[in-house]
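# Fold and contact review
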Amino acid sequence: MESNGSLPGVLIQEIGVQCGVLEEHVDYLQKQFTVIPMKEFLEKKQELAEKISCIYVWGCMPKVDYHLLHSLPNLKIVANGGVGIDHLDLKLISSFGVKVTNTPNAVSNATADMAMMMLLASARNLLQGYQVAVSPETKCFPFNWYAEEVTGATLGIVGMGRIGYKIAQRARGFEMKILYYNRNRRIKDEKSVDASYCENLSDLLQQSDFVVLVVPLTKDTKKMIGKKELQQMKPSATLVNICRGGVVDHDALVEALKHGEIKAAALDVTDPEPLPRDHPLLKLHNVILTPHMGSSTQATQRLMMKDMIQSMNDAIAGRPVFNEVIAN
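Residues numbered from 1 in each chain as written. Predicted model: local features only at pLDDT ≥ 70, side-chain atom pairs only at ≥ 80, totals over all residues. Heavy atoms only, no water.

Right, let's talk about the sheet that holds strand β11 (residues 264–267) for a bit. What holds strands together in a sheet is hydrogen bonding between their backbones, with the strands either parallel or antiparallel. The 7 strands are arranged β8-β7-β6-β9-β10-β11-β12 in an open sheet whose pairing can be described as parallel. The strands lining the two open edges of the sheet, one partner per strand, are β8 (195–197) and β12 (287–289). For this sheet the average axis-to-axis angle between neighbouring strands, irrespective of direction, equals 15°. With 4 bridges joining them, strand β10 (residues 238–241) and β11 adopt parallel strand pairing. Bridging from a neighbouring strand, Asn241 pairs with Leu267 of β11. Taken strand by strand, helix α8 (residues 162–172) contacts β6 (154–158), β7 (177–181) and β9 (210–213), and its axis lies near 170° from that of β6. (Pairing = 2+ DSSP bridges. Helix = DSSP H or I, 4+ residues; strand = E, 2+ residues; numbered from the N terminus. Axes fitted to C-alpha atoms, helices over the stretch in contact; angles between N-to-C directions. Contact = heavy atoms within 4.5 Å.)

Below is the structure:
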C-alpha cells in the first residue's frame, strides 16, 4: 500500500477480510504511521525492516516470534488489542528491548455486558425459546418453561480484576448475592459492590448458582476448571466463560454437562477457536457458544485502537508507555 516515509512504520497482519485490521482503523492509523501489511513486509523486507517501530497485534496476529523480532532492528513496541496476552512471549519480546501493551480499560464494559448476556440467555433458555418461536412446527407456545431465576441468585466471579468488578456492578442490579475468588483480596472493590471474598475456589463453586470465569490464561490458570471443580458445583449451576478457553478442561466439561453434574455452560471462548466441527460441545442442548465476541462493539474496538496508538506514540517518543505489560 502507499506509504509515507516520514512517518514511523507499524506492521499489521492485513487489512479487512475476516481477521484483519478494520479499514476505518487503518484510515486512522495512516494519519500517524506508515501502515505496512505483513505480505508487503515479506516482499520488501530489506527495504522496510528498519522503518518498522511498532507491531499492531489485532486478533492475535501477526504472530510475534524470534524470527520476526530479530528482523526488526528498530522495533520499540508490540501493541496488543484486548486484555489477554497469552499468545505473546513477554520474556522473549522483552529480551529484544521491546515493550508490550494491551487495552484493559477499553474492553471492560463490553466484556462485562457480554458476561451478563450469556448468563441471562442461558438461565432463561433464550436459544430454545427462539427455536420454538420461529419453528414451522409450532402450534402454540409452552407455558411451563423450566428456567432459572437470576434475580436473587448467587453469582461467583473467578477473577476480580477490571472486568470482574464491572460484572459485579451489573449483578447488583439483579439483586444477586456476589462471591468472588481472586489471588489477592480486593477489600475496597468488594465493599463498593457488596461482594464476599472466598479464600478457596471450592467454597465459591459449592455456593454459586452461576460461575463466571474472568482470569488471564497462565500456567497457573490453565484448566483450572476441571473434573474436580465441576463436581464441586451445584447440579443446577451454570458455568460462564468469557476469558480464555484454556482455563476450562473441555473434556471434563462435556462429561459434566452430559451427566448432569452442572446444568449448563455459556462459552464465548473455547480452545481451540473455533472448535472442530465434530466437537461434542457443539451438539449439547445445554450449551451456548459464541465466537469470542466479548469486546466486539464499534465503540470498544475504536477505544482499543486509540489506546494502542497512544501506547505506540509513547514508546516512539520515549515516554512512559500507556498500559505497558511487564514480564514476570
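Attention now goes to the nonpolar core. Ranked by size, the top nonpolar core spans 51 residues in total, and within it Tyr56, Leu155, Ile167, Val212 and Met312 carry the most contacts. At 10 residues, helix α6 (residues 104–123) tops the list of elements feeding residues into this core. Residues contacting Met312, with those up to four places away along its chain left out, are Val10, Leu29, Phe33, Cys54, Tyr56, Ile77 and Ala79. (Core = buried A, V, L, I, M, F, W, Y, C linked by side-chain atoms within 4.5 Å. Buried < 20%, exposed > 50% of the residue type's maximum accessible area, 1.4 Å probe, protein only.)

Next up on the list: the environment of Cys198. Along the chain, Cys198 falls in the loop between β8 and α10 (201–207). In sequence terms Cys198 and Phe96 are 102 residues apart; their C-alpha atoms lie 40 Å from each other.

Looking now at the UniProt feature "domain: D-isomer specific 2-hydroxyacid dehydrogenase NAD-binding" (unreviewed entry) in the protein. Within the UniProt annotation, "domain: D-isomer specific 2-hydroxyacid dehydrogenase NAD-binding" (unreviewed entry) is assigned to residues 116–294. What you have in residues 116–294 is 31% helix and 16% strand, and the ends, taken at the C-alpha atoms, are 11 Å apart. (UniProt positions renumbered as here; feature names shortened; annotations may be inferred.)

The next thing to look at is the layout of surface pockets. Over the atoms, a rolled probe matching the size of one water molecule traces out where space is still vacant. Computed from the structure, the second largest pocket encloses a volume of approximately 210 Å³. Lining the second largest pocket, in full, are Ser122, Asn125, Leu127, Gln128, Tyr146, Lys263, Ala264, Ala265, His285, Asn286, Val287 and Ile288. Contributions of two or more residues to the lining of the second largest pocket are made by α7 (126–134), β11 and β12. The class makeup of the residues in the lining of the second largest pocket is 6 nonpolar, 5 polar and 1 charged. (1 Å grid on protein atoms, 1.4 Å probe; cavity = no way out; pocket = protein on both sides within 12 Å on 5 of 7 lines; lining within 4 Å. Points joined across faces, edges and corners; volume = space filled by probe spheres on them. Nonpolar A, V, L, I, M, F, W, Y, C, P; charged D, E, K, R; others polar.)

With that out of the way, let us pick up the packing of aromatic side chains. Summed over the entire model, instances satisfying the criterion amount to 3 aromatic pairs. For the ring pair Tyr56 and Trp58, a centre distance of 6.0 Å and an interplane angle of 20° mean the geometry is stacked. Classification of Tyr56 by relative accessible area gives buried; the value is 0%. The buried category is assigned to Trp58, whose relative accessible area is 9%. Seen in terms of ring centroids, Tyr180 and Tyr197 are 5.2 Å apart; in terms of plane orientation they differ by 50°. Their pairing is tilted. (Phe/Tyr/Trp six-rings, centres within 6.5 Å; stacked < 30°, edge-to-face > 60°.)

As a further point, take the sheet that holds strand β3 (residues 52–57). Strand order in this open sheet of 6 strands is β2-β1-β3-β4-β5-β13, and the pairing throughout is mixed. Of all strands in the sheet, those bounded by a partner on one side alone are β2 (34–37) and β13 (324–325). For strand β1 (residues 9–12) and β3, the ladder comprises 3 bridges, and the chain directions are parallel. From the neighbouring strand, Gly9 faces β3, where its bridge partner is Ile52. Against the sheet, helix α13 (residues 298–317) makes contact with β1, β3, β4 (77–80) and β5 (99–101), and its axis sits at roughly 155° relative to β3, the strand it touches most.

Let's shift gears to the side chain of Ser53. Mapped onto the secondary structure, Ser53 falls in strand β3. In this structure Ser53 touches Pro8, Gly9, Asn74, Leu75, Lys76, Ile77 and Ile316, once residues within four positions along its chain are discounted.

In the UniProt entry, the feature "domain: D-isomer specific 2-hydroxyacid dehydrogenase catalytic" (unreviewed entry) is given for residues 22–325. Across residues 22–325, the secondary structure splits into 38% helix and 15% strand, with the terminal C-alpha atoms separated by 24 Å.

Contact geometry for α6 and α8: axes closest at 8 Å, N-to-C directions at 45°. The angle between the axes of α6 and α8 places the two elements in the oblique class. The handedness of the crossing between α6 and α8 is right-handed. Counted together, Pro104, Asn105, Val107, Ser108, Asn109, Thr111, Ala112, Asp113, Ala115 and Met116 of α6 and Arg162, Ile163, Lys166, Ile167, Arg170 and Ala171 of α8 form the full contact between these two elements. In terms of residue class, the contact of α6 with α8 is made up of 8 nonpolar, 4 polar and 4 charged. (Parallel < 35°, antiparallel > 145°, perpendicular 65-115°, else oblique. Left-handed = near helix turned anticlockwise from the far one by under 90°.)

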